[in-house]
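Breakdown of the fold
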Amino acid sequence: MKRYKKYITPYLGAFLMGPLMMLTEVAGEVALPKLMSLIINNGVAGRDTGYILKTGLLMAAVVVCMAVGGILGSYFAAKASINFTTDLRRDVFKKVQQFSFANIDSFSTGSLVTRLTNDIQQVQNVLTMGLKMALRAPGMFVGALFMAFMMNGRLAAILLVVIPILSLAIGLILKTAFPRFEAMQKKLDRLNSGIQESLTNVRVVKSFANEELEKEKFEKGNQIFYNVKRHRYFYMGGFEASNRLFDGLMNLLVLVAGALFMINGQIEPADLVAYMLYVGTLITSIRRLVQFAEQFQQGMTGVERFFQVMDADVDIFDEPGAKPLQVKEGAVTFENVSFSYADDGKQVLSHINLDVKPGQNVALVGPSGGGKTTLCNLIPRFYDVDEGRILI
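Residues numbered from 1 in each chain as written. Predicted model: local features only at pLDDT ≥ 70, side-chain atom pairs only at ≥ 80, totals over all residues. Heavy atoms only, no water.

Some words on the overall build of the protein chain
Secondary structure summary: the protein chain contains eleven helices and three strands in total. The order of α-helices and β-strands along the protein chain, N terminus first, is α-α-α-α-α-α-α-α-α-α-β-β-α-β. The globule rule puts the C-alpha radius of gyration for 392 residues at 21 Å, and the 32 Å found for the protein chain is more than 25% above it. Seen through its principal axes, the protein chain has C-alpha atoms that stretch 105 × 45 × 35 Å. Residues counted as buried form 37% of the 392 residues belonging to the protein chain. In the protein chain, 80% of the contacts between residues at least 6 apart in sequence involve partners at least 24 apart. Of the roughly 22,400 Å² of accessible surface on the protein chain, 63% is carried by carbon and sulfur atoms. Side chains of the protein chain carry 40 positive and 34 negative charges; the gap between the two charge centres is 6 Å. (Helix = DSSP H or I, 4+ residues; strand = E, 2+ residues; numbered from the N terminus. Rg over C-alpha atoms; globule rule 2.2 N^0.38 Å. Buried < 20%, exposed > 50% of the residue type's maximum accessible area, 1.4 Å probe, protein only. Contact = heavy atoms within 4.5 Å. Areas by Shrake-Rupley, 256 points an atom, 1.4 Å probe, with all protein chains shown as cover. Lys, Arg positive; Asp, Glu negative; His and termini not counted. Charge placed at Lys NZ, Arg CZ, Asp CG, Glu CD.)

Take a look at the structure:
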């Protein structure tokens, strides 16, 4: 939690006000069904017009308070999440600016773009929903369950049987689906890297008439990404189907049992209607909690990938007390320089000795992959050498 403190503290007011404003909706969701049953049982049954109007006005006031609380809650949640993720994105970009070419190679340009855009957007989405759902969904669940037991404890016992089974099924599905989110992000990295490389070198591609080869490479990456998403949505589709199945069973059991209770005089018709509304509130709160759990997993994947960048060690840095380089003559000297890229470990340059005098022109000639670009990249220290030293 300490790692998030610097991003939360400046906007702490919005982080607190978002969930608190949503409590007005919780109060309304819990109060309205009971007020409705009171109108029917006391106002309609007793033909008391004044009671009906008074309770109706009270219900209207509750609805207005719910609307105001919902608007303010959404505003503060959006304000907190947007500012939070803006600071995340700024810090990632600052970190990337410190990276050497080796650091960038270890992530790939496409992956860094995905982390700066898609991943942080996922964090913003889960934070917005989380602030709106943090107190609302649990409050609706607890409030509706409490009112259900207050109205008829025996009928509420049905809920205690169905809800644990539903919770177990949801947990198993989400546990299976979670690895798909991380795999999907990795495949998206590869797809973005391929697109970035193809578009950056589009003139070279067209010069050698390699459009068909680039199309094949893109289609291969696109198909892999499609397969990962297809499996993910298959599991989430199974979750939605099981969720609706349990919703239907819960409503059916409560309706049949409530009808039998009503025949035996154990519950009033208006109370049964209110009870069904509370069951609907319970189902809605569970569904929202599950939707949040799904987004939370995607958001946590984004957070993990954010900290992977932030925790990466920058492999090129100045030693303490280093002085700014002042080039007077411009001579470049390679002394026994060897270099290899970290991804394959294959040595590209081996014991290179080179001395270029000021004003001297030197041509590097050789086949593609011979190390010409690598040698040039070592001069401005885009990479650190494995052995030897470079003097300027």
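Here's the deal with the packing of aromatic side chains
One pair of aromatic rings is described through two measures. These are the centre distance and the angle between the planes. Scanning the model with the defined rule gives ten aromatic pairs in all. Here the aromatic rings of Phe99 and Phe107 are separated by 5.8 Å at their centres, their planes lie at 5 degrees, and the arrangement is stacked. Both residues of the pair, Phe99 and Phe107, belong to the buried class. Clustering of aromatic rings is evident, with ring pairs tying together Tyr4, Tyr7, Phe15, Phe84, Phe306 and Phe307. (Phe/Tyr/Trp six-rings, centres within 6.5 Å; stacked < 30°, edge-to-face > 60°.)

Some remarks on unusual backbone geometry
A positive phi is found at His351, a non-glycine position, where the angle reads about 50 degrees. You can see His351 is positioned in strand 2 (residues 347-356). Even without glycine at this site, Arg381 takes up a positive phi of about 65 degrees. Structurally, Arg381 can be placed in the loop between helix 11 (372-378) and strand 3 (387-391).

Some details on the pairing of strand 1 (residues 332-340)
Burial of strand 1 is extensive: seven of the nine residues sit out of reach of the surface. Alignment of strand 1 against strand 3, held across four bridges, turns out to be antiparallel. Bridge pairing in strand 3 places Ser338 opposite Glu387. (Pairing = 2+ DSSP bridges.)

Points about the layout of surface pockets
The computed volume of the second largest pocket comes to approximately 530 Å³. Lining the second largest pocket are 19 residues, and of these Ile379, Arg381, Asp384, Ile390 and Ile392 lie nearest its centre. For the lining of the second largest pocket, the leading source of residues is strand 3, giving four residues. Across the lining of the second largest pocket, the residue classes break down as twelve nonpolar, one polar and six charged. (1 Å grid on protein atoms, 1.4 Å probe; cavity = no way out; pocket = protein on both sides within 12 Å on 5 of 7 lines; lining within 4 Å. Points joined across faces, edges and corners; volume = space filled by probe spheres on them. Nonpolar A, V, L, I, M, F, W, Y, C, P; charged D, E, K, R; others polar.)

A word on the sheet that holds strand 1
Backbone hydrogen bonds hold the strands of a sheet together, and the pairing may be parallel or antiparallel. Overall, antiparallel pairing links the three strands, which are arranged 2-1-3 in an open sheet. Lying at the two open borders of the sheet, with one neighbouring strand each, are strand 2 and strand 3. The mean angle between the axes of side-by-side strands here comes to 15 degrees, regardless of whether they run parallel or antiparallel. Of the pairings in the sheet, the one linking strand 1 to strand 2 comprises six bridges and is antiparallel in character. By the bridge assignment for strand 2, Ser340 is matched with Gln347. (Axes fitted to C-alpha atoms, helices over the stretch in contact; angles between N-to-C directions.)

Points about the pattern of salt bridges
Under the criterion given, the structure shown has eight salt bridges. A salt bridge links Lys215 to Glu212; its shortest N-O distance comes to 3.5 Å. You can see Lys215 and its partner Glu212 sitting in helix 9 (residues 211-263), three residues apart, about one turn around the helix. According to the relative accessible area criterion, Lys215 is exposed, its value standing at 52%. Put simply, Asp384 and Arg381 hold a salt bridge, and the shortest N to O gap is 2.9 Å. The partly exposed category is assigned to Asp384, whose relative accessible area is 32%. (Salt bridge = Lys/Arg side-chain N within 4 Å of Asp/Glu carboxyl O.)

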